[in-house]
There are 4 protein chains.
Amino acid sequence: MSNYFPSVEKIRYEGPSTENQLAYRFYDPGKVVLGKTMAEHLRIAVCYWHTFCNHGDDAFGVATRHLPWDDAPTPLAAAEKKLDAAVEFISKLGVEFFTFHDRDLAPEGKTFAESTNNLKHMVDKLAAQMAKHKLKLLWGTANCFSHSRYMAGSATSCNPEVFAYAAAQVKCAMEATHQLGGSGYVLWGGREGYDSLLNTNLSQELDQLGRFLTMVAEHKHKIGFKGQLLIEPKPCEPTKHQYDFDTSAVFAFLQKHKLDKEYHINIETNHATLAGHSFADEVGYACANNIFGSIDINRGDPQNGWDTDQFPSSVEELTYVVYQILQYGGFKQGGFNFDAKLRRQSNDLLDLFYAHIGGIDVLAKSLLIAADLMTSKKLQAVVDQRYHQWQGSLGQQILKGGHSLQSLSDYVQQNKIDPTVHSGRQELCENIINQHLWCHKN
Amino acid sequence: MSNYFPSVEKIRYEGPSTENQLAYRFYDPGKVVLGKTMAEHLRIAVCYWHTFCNHGDDAFGVATRHLPWDDAPTPLAAAEKKLDAAVEFISKLGVEFFTFHDRDLAPEGKTFAESTNNLKHMVDKLAAQMAKHKLKLLWGTANCFSHSRYMAGSATSCNPEVFAYAAAQVKCAMEATHQLGGSGYVLWGGREGYDSLLNTNLSQELDQLGRFLTMVAEHKHKIGFKGQLLIEPKPCEPTKHQYDFDTSAVFAFLQKHKLDKEYHINIETNHATLAGHSFADEVGYACANNIFGSIDINRGDPQNGWDTDQFPSSVEELTYVVYQILQYGGFKQGGFNFDAKLRRQSNDLLDLFYAHIGGIDVLAKSLLIAADLMTSKKLQAVVDQRYHQWQGSLGQQILKGGHSLQSLSDYVQQNKIDPTVHSGRQELCENIINQHLWCHKN
Amino acid sequence: MSNYFPSVEKIRYEGPSTENQLAYRFYDPGKVVLGKTMAEHLRIAVCYWHTFCNHGDDAFGVATRHLPWDDAPTPLAAAEKKLDAAVEFISKLGVEFFTFHDRDLAPEGKTFAESTNNLKHMVDKLAAQMAKHKLKLLWGTANCFSHSRYMAGSATSCNPEVFAYAAAQVKCAMEATHQLGGSGYVLWGGREGYDSLLNTNLSQELDQLGRFLTMVAEHKHKIGFKGQLLIEPKPCEPTKHQYDFDTSAVFAFLQKHKLDKEYHINIETNHATLAGHSFADEVGYACANNIFGSIDINRGDPQNGWDTDQFPSSVEELTYVVYQILQYGGFKQGGFNFDAKLRRQSNDLLDLFYAHIGGIDVLAKSLLIAADLMTSKKLQAVVDQRYHQWQGSLGQQILKGGHSLQSLSDYVQQNKIDPTVHSGRQELCENIINQHLWCHKN
Amino acid sequence: MSNYFPSVEKIRYEGPSTENQLAYRFYDPGKVVLGKTMAEHLRIAVCYWHTFCNHGDDAFGVATRHLPWDDAPTPLAAAEKKLDAAVEFISKLGVEFFTFHDRDLAPEGKTFAESTNNLKHMVDKLAAQMAKHKLKLLWGTANCFSHSRYMAGSATSCNPEVFAYAAAQVKCAMEATHQLGGSGYVLWGGREGYDSLLNTNLSQELDQLGRFLTMVAEHKHKIGFKGQLLIEPKPCEPTKHQYDFDTSAVFAFLQKHKLDKEYHINIETNHATLAGHSFADEVGYACANNIFGSIDINRGDPQNGWDTDQFPSSVEELTYVVYQILQYGGFKQGGFNFDAKLRRQSNDLLDLFYAHIGGIDVLAKSLLIAADLMTSKKLQAVVDQRYHQWQGSLGQQILKGGHSLQSLSDYVQQNKIDPTVHSGRQELCENIINQHLWCHKN
């Protein structure tokens with residue numbers, strides 16, 4: 001194996017009392033929680049782009065971080081070194097999964113054919129490494145947003161040749177994902193939106209997008225890919241307004257194009273909050289509508305209105321989200337992808353380890369507490385009590401479709417109904433969560 | 001006629017050069033624009049609640065405004081005086097339409113039966129006045145959010161008796177709307193959401209809401225009401241999160257419950273912006289998906305995160321929105337409802353006139369400029385040019401479903417496609433709009 | 001003692017393992033932490049207005065909560081019963097402090113004289129109860145925002161008679177606070193701002209406010225009041241824009257009017273976040289500028305743009321804030337005021353206990369962890385290391401004023417300075433905080 | 001002159017009725033308005049960085065725009081070509097002013113000495129061109145935020161060598177500005193803030209910043225530079241939180257360090273709105289506190305939470321701001337700087353002209369209407385009437401310091417004062433503005 005991180009051994013579980021900053025305090029991959037191992041529950045993935053391609057530049061400043069695998073005579077040679085670094089990092093971190101865009105793995109060539117060859121070359125190398133190191137692909141995707149040809153969108157470009165180009169690129173990336181045994185394939189429409197409504201044919205662009213996603217689903221079936229197709233909502237940035245604004249916008253779109261059985265949702269914490277939702281709301285909505293798929297676990301900053309892509313740090317926020325996922329039955333083919341990047345000032349490769357270890361421990365601790373919530377049933381008891389009247393005959397008749405406005409109006413008048421509602425006990429529920437967070441031993 | 005506004009004569013069109021603050025500068029109801037009168041285009045409605053029931057109290061302070069029609073021995077007697085004031089006001093303003101909640105028109109009684117009788121009593125009086133003064137009802141609605149019984153929602157309450165009560169109330173309000181010849185019936189789910197996910201059964205509440213809206217649509221057909229059913233999205237306030245968050249959330253919901261042919265959307269400027277959208281975006285989205293219905297034209301404050309319900313004041317903002325509506329073919333059964341309230345410090349009844357006159361003139365001016373945009377086709381020309389390649393054979397084949405990822409991949413490789421995209425000309429489009437705003441004579 | 005809460009005994013510390021929802025798990029008033037008792041550190045105060053005067057009404061709905069002490073023949077008689085309820089509640093909760101507005105305690109009369117007499121009457125009764133039950137006043141204040149006379153502000157009203165009226169009212173309220181031994185007197189300028197710049201003389205209003213605050217400080221000294229004067233920033237609501245927008249706006253204002261030694265800042269979590277700051281930022285800024293005074297510990301909702309005034313529930317958020325306060329040396333005369341209100345659906349008096357107990361335990365747990373952070377010095381060590389070069393001669397010379405642009409330019413050129421910066425270790429710092437939160441025994 | 005824009009002639013005023021997109025409809029530089037020419041009022045400046053250095057890349061994508069002046073054998077040779085292009089562009093646009101950062105004009109060298117030499121070389125060339133083409137410098141500044149050495153700030157870096165380096169760089173840039181006869185020198189603290197409070201010594205960083213700004217002011221006097229020193233507030237981005245958050249934060253800071261007579265404020269529309277203020281509020285506050293200096297006229301997007309730096313397009317928004325500036329007496333040494341960049345899709349050099357022409361016309365039209373507002377005095381009349389009671393004896397006595405809480409309390413009680421407040425007439429004021437916008441001939 002390569003040795004880009006010579007000062008770091010494989011990260012191991014040492015428990016809460018360790019003083020070692022390069023150890024897990026809560027993430028114990030093989031520990032069984034509610035009948036599955038932690039690793040099986042969390043399905044943690046390292047992302048290729050932020051972790052191995054990000055140099056710390058931002059809109060106001062240049063790179064701050066030197067990545068030694070960049071030092072190579074050609075882009076393809078650098079890509080090979082980067083792959084070695086990635087395998088070393090993921091292996092030392094001790095997680096199973098990773099995720100990638102086509103252009104993270106292999107450089108764009110001068111022509112489409114060259115780009116495709118580059119990708120095939122690297123996918124073959126990656127496949128060999130995955131087998132050797134027992135790594136798995138959570139999902140793959142195509143970068144159809146960085147190149148200038150995509151400046152007006154890919155599927156929603158004003159130029160149909162761009163649509164065609166994106167289709168060809170997605171075909172390659174999906175087939176690469178299939179070859180690597182990916183559990184999913186993601187579409188993030190970073191440029192599928194508009195910068196100004198004034199120059200936009202909204203109706204046509206939405207039709208284009210429907211056509212594109214239909215073709216993608218058809219190709220999946222054609223090649224026999226069994227992973228889930230995922231759409232990742234984001235309200236804006238880089239565009240002023242993105243069509244996949246939030247989970248409900250995607251759900252509306254999928255239904256209109258009869259694609260709601262073909263796609264699931266990849267929810268990112270940071271995108272949820274940029275759209276004006278709590279993370280828990282987006283997850284809850286997706287679960288309630290049976291379109292929940294996977295998670296990008298990076299968070300935003302509560303005061304900053306752009307994608308800060310920070311590592312998760314709040315057990316309080318994630319406990320309830322993991323609880324929702326447990327109630328939903330856990331991930332089917334999804335997982336927790338760390339689409340998170342180091343802060344620009346974290347210019348030391350060691351910071352990559354600190355950041356991932358901290359984030360993974362936050363998830364592990366959240367899982368432990370959420371499992372406690374499942375077991376204690378204390379929160380569920382409050383909810384059940386609150387809605388218990390719906391178990392009675394009136395409630396059941398209504399839900400089964402046995403009533404009309406007329407029949408309910410008669411019911412109210414004949415029975416002189418004057419209903420009252422009991423306390424919602426919101427503060428008590430918040431206390432119950434806090435008691436699980438702070439008082440239980442886990 | 002009553003005389004609550006003795007210093008005000010009927011408001012007349014006097015043109016841009018008048019010095020009279022109680023006159024229209026742009027709103028000339030009978031003026032023909034693009035083949036219809038201004039009044040037919042705009043279908044302006046005064047709202048009963050903010051205009052005749054609002055006393056200037058807010059969350060931090062008591063009433064500032066005395067409404068003389070409140071001075072009556074009983075609530076029902078006050079309601080009768082209020083009706084007189086409303087008819088006088090609307091007539092003097094010279095618009096045709098109004099909108100109401102059941103409880104604005106008639107007071108809640110001690111029992112459901114008494115409330116129903118109060119409403120019937122007032123609806124009969126209102127019907128007579130409408131006939132006499134040639135007034136029309138844009139839409140009616142039921143207030144299922146103010147009473148404490150609705151604190152946990154109406155259709156989505158944790159208590160099915162509340163669901164039944166709301167059903168009975170909506171039945172009465174819809175029938176009153178039908179009796180009054182309303183062009184629409186609105187449902188605003190002010191409490192159909194949650195204050196905390198912790199105590200909420202999201203899935204069940206959404207099912208309840210689906211059941212409720214289905215019953216409403218069935219009742220419409222049963223009684224032969226021909227107005228449109230409308231849902232008014234709002235993201236939050238009073239609840240932490242409302243299910244009808246924005247137009248796409250409603251569209252997703254309607255499709256899931258097979259109600260998307262039954263309901264249209266009533267978009268409020270202020271609700272659009274609270275949801276993180278531009279007003280134009282919500283209108284454009286609704287039009288693109290054929291669910292556009294009607295407008296609440298009150299705006300919010302760009303810096304304040306709650307419903308300020310201010311009168312419209314920006315021709316710049318509304319011109320493009322009216323242009324979108326003209327492109328869509330204009331209102332079918334909808335209109336511009338002034339769901340706007342005076343500022344708390346505007347404690348003089350004259351302010352009601354200043355506010356409505358100003359707002360109506362803003363709409364009228366916007367219509368004039370939008371009609372110019374339609375006629376000049378300058379903006380449309382930029383858009384058409386931008387997408388013109390989609391008229392070619394590749395674009396048409398794609399849109400007609402004649403391509404797959406495979407065939408497009410072949411196309412790209414065989415033709416060595418390397419597409420570029422021309423300037424989006426956003427700044428030029430902004431100049432074109434400004435030229436119509438500031439340079440044309442209208 | 002009265003018996004408005006018959007089912008509740010005095011709330012006691014029972015430790016983390018109790019199953020009793022009416023007990024403290026962390027708040028152990030007499031427990032010594034870093035040399036002071038928990039009670040001395042936290043100085044917890046119940047607020048009179050939200051706790052005893054709030055009926056659950058909001059901008060879209062009427063009251064949901066019946067307060068039995070309202071059932072009295074006259075407003076003054078109700079005020080007496082409310083005082084009994086307050087004393088019972090605070091005593092049972094087992095905290096020492098409370099806070100009040102003049103109008104919470106005693107009803108507004110028909111004239112200024114009657115209002116003053118009502119207040120004096122109630123203050124005398126309150127003083128007796130405080131002595132008997134060993135209660136203390138954290139701070140008092142005057143409600144100069146709810147009455148319609150204050151609709152355009154009090155000190156900043158366009159009518160100087162309103163200024164005079166407010167001055168008279170503040171005089172009474174400050175003297176009542178003095179009589180009751182208050183540790184502070186607060187000014188919250190809820191209407192000291194504007195709804196529209198168009199009708200506002202900004203410069204004159206700011207001068208009026210300067211005059212008012214000067215008079216208040218002079219009166220404090222005249223009557224020998226030794227409590228601290230506090231200003232509570234808030235960016236908006238009820239006004240569109242409030243002059244005391246945030247801590248820096250207040251600090252700028254105080255310096256301009258030479259009042260920065262006279263006033264300290266009362267920071268509210270919810271107001272900090274509405275102003276676009278983190279709570280920790282506002283506290284840190286106030287401490288760094290030596291104007292930190294006291295805290296209103298109620299939080300907002302991250303997705304809602306108005307004052308939700310929720311009880312604190314996040315140990316993660318508060319730990320670092322309490323750590324900042326400990327580093328500053330703790331409260332001098334301030335404390336943690338619970339300016340928090342029950343959710344509208346929490347319509348049971350028991351909810352008042354659940355909410356306060358939960359919030360107080362959150363503060364207590366945060367104090368325990370923050371004390372650990374102080375003791376471990378792990379976070380401080382990272383910070384010290386990061387800035388250690390400023391301890392060298394160049395840094396010290398700069399800070400002592402021994403350099404100019406010229407001398408530093410010479411230094412850079414002569415020494416061929418080409419500086420680099422080490423990793424900011426942000427992710428490691430986040431891990432350190434989390435280790436104190438989740439791994440320590442406290 | 002160079003010929004980078006061969007299809008464009010000098011842009012001329014052709015009046016509102018022209019169909020030429022490369023002409024001014026309102027900006028007529030020599031036209032006299034309220035005693036000064038339009039050019040003297042507006043003092044319009046083109047910015048060097050966005051206009052000549054921006055390639056359309058963003059956080060999610062690479063360059064979209066080819067700038068022909070980049071095609072040169074060395075960075076310095078490219079800088080010379082860029083200077084030619086700039087002079088051609090500004091001359092053809094027909095405005096007098098420009099603004100620059102040191103690194104826009106001349107490339108960073110391998111050493112500080114080389115960077116300084118590069119700058120001197122280019123400044124000499126620029127000086128010659130300015131003389132030849134009668135161009136003026138509105139202000140200069142130093143880029144102390146893009147290089148990795150500044151990742152933790154310049155004045156507020158954790159490394160004092162970085163402080164020294166920034167001091168040396170600012171010295172050069174200020175002297176270059178002085179040499180070029182600049183009207184001002186700006187400091188924008190893009191990295192003077194923190195990414196995390198956890199690793200930040202807030203108090204020390206603020207002291208460092210105070211030291212730095214003091215040295216800058218001293219150096220200004222030492223070299224005899226007569227331009228104004230300006231600080232440009234921004235709340236965040238690139239940092240999580242910037243110390244110069246908004247105008248009031250800067251004003252507080254300046255007063256604390258006794259620098260409030262040395263610095264004025266450079267307000268950017270986009271930064272005002274990111275800080276939660278209206279643009280008009282920031283301008284009004286700066287004027288009311290006598291620290292108003294200059295304007296960056298680029299706007300943000302109302303729905304996007306980052307710096308979009310768009311060209312101004314709203315006459316409605318700017319009219320009232322220009323009115324405020326006229327009331328303040330106009331710019332002293334400031335002006336309107338177009339710190340605006342083309343949208344990423346505007347990849348044609350012609351777009352640079354469209355964008356500037358549109359923005360300049362918006363300012364010109366706003367000036368015309370604001371001048372009307374000054375002349376008509378209609379808005380002023382409402383304001384004067386609203387505050388007229390302050391002209392009476394009570395008001396004047398209060399403002400002159402002739403009252404205390406005691407004397408005002410006596411006044412209220414003896415005169416049985418029970419004040420009321422007249423309507424604020426906000427809606428009427430909005431109508432008055434709209435009448436000036438839409439009804440006047442200008």
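(A) Molecular detail of the interface of chain C and chain D. Between chain C and chain D, the residue contacts involve 83 residues of the former and 82 residues of the latter. Partitioning the side of chain C that touches chain D into residue classes produces 44 nonpolar, 26 polar and 13 charged.

(B) The arrangement of the confidence of the model for chain A in detail. Of all residues in chain A, 100% have pLDDT values of 70 or greater, and the mean over the chain is 97. If you check the scores for this complex, the pTM reads 0.98 and the ipTM reads 0.97.

(C) Focus on the sheet that holds strand β8 (residues 184-187) of chain C. All names here are of chain C. Read around the barrel, eight strands follow the order β5-β6-β7-β8-β10-β12-β13-β14 and close on themselves; strand pairing throughout is parallel. Ignoring strand direction, the axes of neighbouring strands in this sheet form an average angle of 30°. Across two bridges, strand β13 (residues 292-296) lies against strand β14 (residues 336-338) in parallel orientation. Paired with Asp 296 across the bridge in β14 is Asn 337.

(D) View of the relation of the copies chain D and chain A. Placing chain D over chain A gives an RMSD of 0.0 Å and needs a rotation angle of 180°, together with 0.0 Å of translation along the axis. Interpreted geometrically, this transformation is the action of a two-fold axis. Relative to the rotation axis, the closest C-alpha in chain D is found at Gly 305 of chain D, a distance of 2.0 Å. The residues that chain D uses at the interface reappear at the interface of chain A in 96% of cases, marking a shared surface.

(E) Here's a closer look at the domain arrangement of chain A. Residue and element names in this part refer to chain A. For chain A, the assigned domains are domain 1 (12-376) and domain 2 (379-438). With eight residues of domain 1 at the interface, the matching set in domain 2 holds four residues. For the side of domain 1 that touches domain 2, the secondary-structure elements that each account for two or more residues are α11 (315-327) and α12 (350-376). When grouped by side-chain class, the residues that make up the side of domain 1 that touches domain 2 number four nonpolar, two polar and two charged.

(F) Fine view of the interface of chain D and chain A. With 27 residues of chain D at the interface, the matching set in chain A holds 26 residues. In terms of residue class, the side of chain D that touches chain A is built from 10 nonpolar, 10 polar and seven charged.

(G) The relation of the copies chain C and chain D, seen in detail. Superposition of chain C onto chain D requires a rotation of 180° combined with a translation of 0.0 Å along the rotation axis, giving an RMSD of 0.0 Å. Comparing interface residues between copies, 99% of those in chain C also lie at the interface in chain D; the contact surface is shared.

(H) Geometry of the pairing of strand β8 (residues 184-187) of chain A. All names here are of chain A. Of the two faces of β8, both are covered, the one formed by Gly 184 and Val 186 as well as the one formed by Tyr 185 and Leu 187. Sheet analysis places strand β7 (residues 136-141) next to β8, joined by two bridges and oriented parallel. Bridge pairing in β8 places Thr 141 opposite Val 186. Since β7 and β8 lie parallel, the crossover through helix α6 (residues 160-179) that links them has a hand, and here it is right-handed. Pairing analysis gives four bridges linking β8 to strand β10 (residues 228-231), with the strands arranged parallel. The partner of Leu 187 across the bridge, within β10, is Ile 231.

(I) Inspection of the pairing of strand β12 (residues 263-268) of chain A at higher detail. Residue and element names in this part refer to chain A. Of all six residues that make up β12, six are buried, and the element is covered over most of its length. Neither face of β12 is open: one carries Tyr 263, Ile 265 and Ile 267, the other His 264, Asn 266 and Glu 268, and all of them are buried. Where β12 lies against strand β13 (residues 292-296), four bridges are found, and the strand directions are parallel. Looking at the pairing, Asn 266 lines up with Ser 294 of β13.

Reading the values: the criteria
- Every chain begins its residue count from 1, and numbering advances along the sequence as written.
- The lettering of chains begins at A and the numbering of ligands begins at 1, in the order of writing.
- Note on the predicted model: pLDDT of at least 70 is required for a residue's local features to be given, and 80 or more for side-chain atom pairs to be given and counted; whole-chain, interface and lining totals, by contrast, use all residues.
- Whether two residues are in contact is decided by their C-beta atoms, placed from the backbone, lying within 7 Å.
- In this count, Pro and Cys sit with the nonpolar residues alongside Ala, Val, Leu, Ile, Met, Phe, Trp and Tyr, while Asp, Glu, Lys and Arg are called charged and the others, Gly among them, polar.
- What pLDDT expresses is the predictor's confidence in each residue, scored from 0 to 100.
- Only strands joined by at least two bridges in the DSSP assignment are considered to pair.
- Counting from the N terminus, the helices are DSSP H or I runs at least four residues long and the strands are E runs at least two residues long.
- Structural elements are reduced to axes, namely lines fitted to C-alpha atoms, with helices fitted over the stretch in contact, and the angle between N-to-C directions of any two is expressed from 0 to 180 degrees.
- Fitting of the copies onto one another was done by least squares over C-alpha atoms, counting residues only where both copies have pLDDT of at least 70.
- Residue ranges labeled as domains rest on an automatic or database domain assignment.
- Burial in this document is a count-based property: other C-beta atoms within 10 Å of a residue's C-beta are tallied, and the residue is buried at 20 or more, exposed at 12 or fewer, or partly exposed in between, with C-beta positions derived from the backbone.
- Convention used here: a crossover is right-handed provided that the path from the first strand, over the helix, to the second strand proceeds clockwise when the strands point away from the viewer.

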